[in-house]
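Listed below are the residues making up each chain.
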Amino acid sequence: MLPYASILVWVTPLIASMLMPLTALHPKVRDTFPVVIGFVTAIFAASMIPDVLHGGSIELSMVWVSIPGLFQIQIGTLVDPLSVFMCNVVTWIGALILLYSLGYMAGDESMLRYWFFMLLFIGSMVGLVIADNFLSLYIFWEMVGLCSYALIGFWYKRPEARKAGMKAFIVTRVGDIFLLAGIILIYLNVGSFSFSALENALKVEWVKPVFSTIPILLLLGAIGKSAQLPLHTWLPDAMEGPTTVSALIHAATMVKAGVYLMARTHLIYMSVAPTVWLTALVWVGALTAFVSATAGLAAVDIKRVWAYSTISQIGYMMSALGLAVGAGVFVSQFHLMSHAVFKALLFLTAGVIIHSLGGMRDMRNYGGLRRDMPITFLTCLFGVFALSGIAPFNGFWSKDLIFKTALDTGQLAVFIILYITAIITVAYSFRAVFLTFFGEKSEYAKKFHIHEPKVMIIPLLILAFFTVVTGFLEHDFASFMGIHADGFGEIDPVILGFSVLAWVVGIVPTYYIYIKKKPSPEIFGKGVWGSIQKMLFECYYIDKFYYLVFVDKFVAGIQKFRKTHSGILSYNIGAVVGGFFLLLLIVFLLGF
């Protein structure tokens, strides 16, 4: 690796974010500096690959806080195949998104704030995945949450953006409480925050009940961050931020943090993984994948479709981790790599459309755009083919590997759920393509000069290329992750047959409904079909239930409590004095 690469790979973007105010005097410097930093950071990440090609790890640590006789806390970096892989995903995808931002965000009045948080976001995520202990991981975990809050609500003058940012912050905090509880239990029982210390403790004390509780608490933290059931509701609303932010959150940062945490926990627990934790991973992932995919069928906001898709695909990754001990890390991370590429591509193609059509995200106001946006259309097709698992695109290899793992481990029910989800994925993906690029151009779209800025097209072409290339890296990636690679990279005829059937069942009805209009899509908005469509549009009313129980009831309680505050000082002082004497009476009666 390059000298000190494991430190510079996360320190560089963090320091660069702090230096952004110095670039404010010259717009060209302000906009070029973060892009250069993005690619420099990616080069640092790539330089670490040779050090872990043949297995092994490099751990660098130092004493952070030390009180003699009481405790000592160390922090450091862990360079192993998992951390290096994640560093490269975050930095390379991040660098392309920063480059794309030159076109998408051009002319925005708050560019300095945008670049600051984007660099801080990338640096925080890299720090999270390369940390060698749970304390550092948690610090960066919260920094990632702070950046997502700031960037989702970036256009804070819009009420929807403000609410979405706050919602993401609050919902993910629920999971963070459980994560913090798990980390505290680790320290209390191991005496260290280090991954290696927990792993060593498990070799001799894994039968202690607390060590079976810890991964469940960590899973609850991951559920919040990665938007899995039942804490998934924040991610669809997070689409109120700039599309570049959406691409970064979905492809390389925020939601991938939970998957990484589970993969790291998986490696630590390896031979003593609690059955209940593995089972929870499998079913949380499978159910989330199905529920969010069905919601994607009814969404009309193009970014919301891809948001539900992300929740669903993260579900596949979670299930993969629970399906197989050891190999589960490779299987999940292989799909994570595929998803990082095709989901960044899909969001960035959506960004080109939104940028050209004055911010419009409703696909019903698109139509016929393939003639005006040929490159965007073609690259979007590459992304949709990959998401749908169509050969030879990367999603075909990684998703079929999950199917094979489910069958090989005897998890037939999980296979059926994930397979039905795959069919639904094909349907909502091609529905988005047909609504956006086919048919007649809408009256709304005719008002705009539709164009494809070159600086935005370059990242699309690069990502489209890698939707094909990365699929053929299955064998090499298995070897890189330390898994016996024999059998990987080969096509299973049975799984291939299932995949072809999924393509046909997903595409053909969608084609007839949205292209041939046989039957017309309007039919599904009436009667029983209309009720089902509304239920899917509202994602089974889960969010409305949360608002009813946790928001509306809370606000109503606060309003009732406010009535006790008259604003008259003498009354308020009287209440305080009365409460004090009541407390004294209770203490006296209890005999304290």
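What this report covers is the structure whose coordinates are included nearby. Residue indices begin from 1 for each chain and proceed along its sequence in written order. Totals for whole chains, interfaces and linings use all residues, but because this is a predicted model, local features are given only for residues with pLDDT of at least 70 and pairs of side-chain atoms are given and counted only at 80 or more. Side-chain descriptors were evaluated using all non-hydrogen atoms of the structure, hydrogens and water having been removed beforehand.

With respect to the overall build of the protein chain
Here is the rule: Strands are runs of DSSP state E lasting at least two residues, helices are runs of H or I lasting at least four, and both sets are numbered from the N terminus onward. Radius of gyration here is computed from C-alpha atoms only, and the compact-globule reference equals 2.2 Å multiplied by the residue count raised to the power 0.38. Burial here depends on accessible area, computed with a 1.4 Å probe over protein chains only, as a share of the maximum for the residue type. Under 20% is buried, over 50% is exposed, and the range in between is partly exposed.
A count of helices and strands for the protein chain gives 24 helices and two strands. Over its C-alpha trace the protein chain gives a radius of gyration of 25 Å, about what one expects of a compact globule, namely 25 Å for 592 residues. Each principal axis of the C-alpha atoms in the protein chain carries an extent, and together these give about 80 × 65 × 60 Å. Residues counted as buried form 55% of the 592 residues belonging to the protein chain.

Concerning the packing of helix H15 (residues 327–356) against helix H16 (residues 374–387)
Going by this rule: The angle between two axes is taken between their N-to-C directions and runs from 0 to 180 degrees, where each axis is a line fitted to C-alpha atoms and a helix contributes only its stretch in contact. Handedness of each helix crossing follows the sense of rotation of the near helix against the far helix: counterclockwise by less than a right angle gives left-handed, clockwise gives right-handed. Whether two residues are in contact is decided by their heavy atoms: any pair within 4.5 Å suffices.
Contact geometry of H15 with H16 gives a least axis separation of 9 Å together with a crossing angle of 145°. As for the relative orientation of H15 and H16, their crossing is left-handed in sense. From H15, Phe342, Leu345, Leu346, Thr349, Val352 and Ile353 reach across to H16, where they touch Thr376, Thr379, Cys380, Phe382, Gly383, Val384, Ala386 and Leu387.

Focus on the pattern of salt bridges
How we decide: Put simply, a salt bridge is a Lys or Arg side-chain nitrogen that is within 4 Å of an Asp or Glu carboxyl oxygen.
Using the criterion set out here, one finds 15 salt bridges in the structure. Across the salt bridge formed by Asp237 and Arg304, the nearest N and O atoms sit 3.0 Å from each other. Highlighted residues: Asp237 in helix H10 (residues 234–237) and Arg304 in helix H14 (residues 302–323), separated in sequence by 67 residues. Asp362 serves as the salt-bridge partner of Arg364, at 2.7 Å between the closest nitrogen and oxygen. For Arg364, a relative accessible area of 57% corresponds to the exposed category. Through salt bridges with shared partners, a single ionic network connects Lys167, Asp237, Arg304 and Asp543.

Section: the side chain of Thr425
For clarity, the cut-off: Here a polar contact is taken to be a pair of N or O atoms separated by no more than 3.5 Å, where protein atoms must pair a possible hydrogen donor with a possible acceptor and residues adjacent in sequence count only if both atoms sit in side chains.
Its location among the elements puts Thr425 in helix H18 (residues 412–437). A distance of 2.8 Å separates a polar atom in the side chain of Thr425 from the backbone oxygen of Thr421.

Quick notes on the packing of aromatic side chains
Spelled out, the test is: When two rings of Phe, Tyr or Trp (its six-membered ring) have centres within 6.5 Å they constitute a pair, described as stacked for plane angles under 30 degrees, edge-to-face for angles over 60, and tilted for the intermediate range.
The final tally for this structure, using the stated rule, is 40 aromatic pairs. Ring plane angle 25° and centroid distance 6.1 Å describe the contact between Tyr100 and Tyr104, whose orientation is recorded as stacked. One end of the pair, Tyr100, and the other, Tyr104, are both in helix H4 (residues 81–104), four residues apart, so they sit about a helical turn from each other. In this structure Tyr104 comes out as buried when scored by relative accessible area, which is 11%. Residues Phe330 and Phe334 carry aromatic rings whose centres are separated by 5.9 Å and whose planes lie at 20° to one another, so their mutual orientation is stacked.

What to know about unusual backbone geometry
Here the amide bond leading from Leu229 into Pro230 is cis, since omega sits at 5°, within 30 degrees of zero. As for its placement among the helices and strands, Pro230 is situated in the loop between helix H9 (209–225) and H10. Note that the residue after Ala391, namely Pro392, is joined by a cis bond; omega there is 5°. With respect to the helices and strands, the residue Pro392 is situated in the loop between H16 and helix H17 (394–408).

A short note on H9
Convention followed: A helix is expected to span 1.5 Å for every residue after the first.
End to end, H9 covers 26 Å across 17 residues, agreeing with the expected 24 Å (1.5 Å per residue, within 8%). Within H9, twelve of the 17 residues are buried, leaving the element largely enclosed by the surrounding structure. Residues of H9 that are buried: Val210, Phe211, Ile214, Pro215, Leu217, Leu218, Leu219, Gly221, Ala222, Ile223, Gly224 and Lys225. In the stretch just after H9, Ala227 is the one whose phi turns positive, near 55°.

Structural notes on helix H1 (residues 5–19)
How we decide: The bend reported for a residue corresponds to the angle between axes fitted to the seven residues ending at that residue and the seven starting there.
The end-to-end C-alpha distance of H1 is 20 Å, a good match for the 21 Å that 15 residues give at a rise of 1.5 Å each. In H1, a bend of some 30° at Val11 exceeds every other bend along the element, and Pro13, a proline, comes one to four places later. Residues of H1 that are buried include every one of Ala5, Ser6, Val9, Val11, Thr12, Pro13, Leu14, Ala16 and Ser17, and no others.

Limitation: the analysis is restricted to geometry and does not speak to function.
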